[in-house]
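Each chain, letter by letter, is given below.
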Amino acid sequence: QVQLVESGGGLVQAGGSLRLSCAALGRTFNNYVVGWFRQAPGKEREFVAAINWGGTSTRYADSVKGRFTISRDNAKNTVDLQMNSLKPEDTAVYYCAVDRTRTVVTPRPTYYDYWGQGTQVTVSS
């Protein structure tokens, strides 16, 4: 089993930046695709970004392209999400998740089988 812990959320003004981090505890997730998703109140969980095991392939939701960057450090067993130029509509609980089966990144949340507890990101206008 892979236990995931997110950190780095908080309150920031529009236009600001935050860096989220996802750590795997007790087991490496270096061989897996890792994705970030978010869920705002009253809305479905949506894909944000994902990265393959080697960090050579990434994918982003159109709404965050050019503003967010996903990266991983397999030596530290972490995957980060750098979020710049934040907007109020980015406000949500952000989750990281692991896809243990596929080697290509996918935006479909049903393909991810381990999830963290989430970290709140609030962007004020």
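Notes on the structure follow.

Conventions used here
- Residues numbered from 1 in each chain as written.
- Predicted model: local features only at pLDDT ≥ 70, side-chain atom pairs only at ≥ 80, totals over all residues.
- Heavy atoms only, no water.
- Helix = DSSP H or I, 4+ residues; strand = E, 2+ residues; numbered from the N terminus.
- Rg over C-alpha atoms; globule rule 2.2 N^0.38 Å.
- Buried < 20%, exposed > 50% of the residue type's maximum accessible area, 1.4 Å probe, protein only.
- Contact = heavy atoms within 4.5 Å.

1. Some remarks on the overall build of the protein
Then step 1. A tally of helices and strands in the protein yields zero helices and 11 strands.
Then step 2. For a compact globule of 125 residues, the expected C-alpha radius of gyration is about 14 Å, and the protein comes in at 13 Å, within 12% of that figure.
Then step 3. For the C-alpha atoms alone, the extent of the protein along its principal axes is close to 40 × 25 × 25 Å.
Then step 4. Split into buried and exposed, the 125 residues of the protein put 45% on the buried side.

2. Here we look at unusual backbone geometry
Phi is mostly negative for residues that are not glycine, and the peptide bonds are mostly trans.
Then step 1. In this structure, N77 is a non-glycine residue whose phi angle is positive, near 65°.
Then step 2. Positive phi, normally seen in glycine, also occurs at S85, with a value near 50°.
Then step 3. Among the structural elements, S85 can be located in the loop between β8 (78–83) and β9 (92–99).
Then step 4. For S85, a relative accessible area of 42% puts it in the partly exposed group.

3. Quick look at the side chain of D80
Then step 1. Secondary-structure assignment places D80 in strand β8.
Then step 2. If we skip the residues at most four places from it in the chain, D80 touches R19, L20, S21, C22, W36, T69, I70 and S71.

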